[in-house]
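Residues per chain, in single letters:
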Amino acid sequence: MKSYAAVTTMNKSYYDLIGHAMIDSFIKYWPTSIKLYVFTEGFDLPVTAENIISKDVFEVCDPGLSSFLEWRGLHYTKKFAFKAYTWINACKILDEDILIYLDADTETKTPVPLNFIENILKDDSILAYMYAPATVQENGKTIIIDNAETCIYWFDNNHTFSKKFMQHYEDIYESRRISDRTVFRKPHDTWVITDCVRFAKENNTQVINLHTEKNSRSPIKKTILYEYFSHFKGKQKFVQGTL
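Residues numbered from 1 in each chain as written. Predicted model: local features only at pLDDT ≥ 70, side-chain atom pairs only at ≥ 80, totals over all residues. Heavy atoms only, no water.

**Student:** Any chance you could break down the sheet that holds strand β10 (residues 207-209) for me, citing the residues and the numbers?
**Tutor:** Overall, mixed pairing links the 7 strands, which are arranged β3-β2-β1-β4-β9-β6-β10 in an open sheet. Edge positions in the sheet fall to β3 (52-56) and β10, since each has one partner strand and no second. Pairwise comparison of adjacent strand axes, ignoring direction, gives a mean angle of 25° for this sheet. (Pairing = 2+ DSSP bridges. Helix = DSSP H or I, 4+ residues; strand = E, 2+ residues; numbered from the N terminus. Axes fitted to C-alpha atoms, helices over the stretch in contact; angles between N-to-C directions.)

**Student:** Provide a residue-level description of the nonpolar core, including the pertinent values.
**Tutor:** In this structure, Y85, W87, L127, Y129, F165, Y169 and Y173 are the most contacted members of the largest nonpolar core, which totals 46 residues. Among the elements that line this core, the one with the most residues is helix α4 (residues 81-93), at 8 residues. The residues touching Y85, leaving out its near neighbours within four places in the chain, are C61, G64, L65, F68, Y173, E174 and R176. If you look at the next biggest cluster of nonpolar residues, it comprises 35 residues, including A104, V112, M130 and I220. (Core = buried A, V, L, I, M, F, W, Y, C linked by side-chain atoms within 4.5 Å. Buried < 20%, exposed > 50% of the residue type's maximum accessible area, 1.4 Å probe, protein only. Contact = heavy atoms within 4.5 Å.)

**Student:** Any details on the pairing of strand β6 (residues 127-131)? Residues and values, ideally.
**Tutor:** With 5 of 5 residues buried, β6 lies mostly within the body of the structure. Note: β6 against strand β9 (residues 148-156), 4 bridges, orientation antiparallel. Each residue of the ladder has a partner; that of L127, found in β9, is F155. Of the strand pairs in this sheet, β6 and β10 are connected by 3 bridges, and their pairing is parallel.

**Student:** Residues and numbers for the packing of α4 against helix α6 (residues 162-174), please.
**Tutor:** Axes are the key here: two packed helices are described by the angle between their axes and the distance separating the axes. The geometry of α4 relative to α6 is characterised by a closest axis approach of 10 Å and an angle of 145° between their N-to-C directions. For the pair α4 and α6, the sense of crossing is left-handed. Between α4 and α6, the residues in contact are A84, Y85, W87, I88, C91 and K92 and M166, Y169, E170, Y173 and E174, respectively. Its residues assigned to classes, the contact of α4 with α6 comprises 8 nonpolar, no polar and 3 charged. (Left-handed = near helix turned anticlockwise from the far one by under 90°. Nonpolar A, V, L, I, M, F, W, Y, C, P; charged D, E, K, R; others polar.)

**Student:** Can you tell me about α6, naming the residues and giving the values?
**Tutor:** When the terminal C-alpha atoms of α6 are compared, their 18 Å separation across 13 residues agrees well with the 18 Å that a helix rising 1.5 Å per residue should span. Every buried residue of α6 is accounted for by S162, F165, M166, H168, Y169, E170, I172 and Y173. If you follow the buried residues of α6, they end up packed against α3 (64-72), α4, β6, β9 and α7 (189-202). (Expected span 1.5 Å × (residues − 1).)

**Student:** Mind laying out the pattern of salt bridges, listing which residues take part and the relevant values?
**Tutor:** Per the counting criterion, the structure on display carries 10 salt bridges. A salt bridge links D189 to K83, with the nearest nitrogen and oxygen atoms 3.3 Å apart. Here K83 lies in helix α4 and D189 lies in helix α7, a separation of 106 residues in the sequence. For the salt bridge of D195 with R198, the shortest nitrogen-to-oxygen distance reads 3.0 Å. Linking D195 with R198, this pair stays in helix α7, spanning 3 residues, or about one helical turn. D195 gets classed as buried once you look at its relative accessible area, which sits at 8%. For R198, a relative accessible area of 35% corresponds to the partly exposed category. (Salt bridge = Lys/Arg side-chain N within 4 Å of Asp/Glu carboxyl O.)

By themselves, these are just geometric observations and shouldn't be taken as functional.
Here you go:
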């Protein structure tokens, strides 16, 4: 039987705004056998629950994280590095077979059955994620290209291809290829996951796209995840945080 764990990261202001709701809903609605590892960004997590495990993001992710932040400087996208390096290092240090990434601005809205969690990844697939189309301008025309929504995804960290998958992911950040706009249109992890999906498929490794219609840039409502989860994006999260 495979083991499962969830992973997230947040700072104090984000915890106060919306992250607390994410953690509270996890405690309320997830099976108690599944742990949530919270990689905290410079604060002590004020939560006591047997299945909530706090880890200091710098203690776990340095020197890579601090080096990347120094390289990124004052660029607005440096905040996205915490998620990337949390994921890189979670896959290195955690013992559970299946890791589930949950953004701090997600919320569980109803009890999640264990069999639902266990059946997302199947048929020897390494990843279950949501495809999300992106639009870009090329030669004066708007074209649609592949991208992803990474607010929630499942990853088999004991898959035969998992180490190569995560090495590819990590190399994008450590080599600073994340700044290559011909591949990564924006320096977000959505583009990194998209490139890793391509890499996996090129190596005959199965990936599950939960958004089969491929027609929404905010696809969670069109997937089986929506029965159990909400994702608060943009202005929506700030409204949610003031309720």
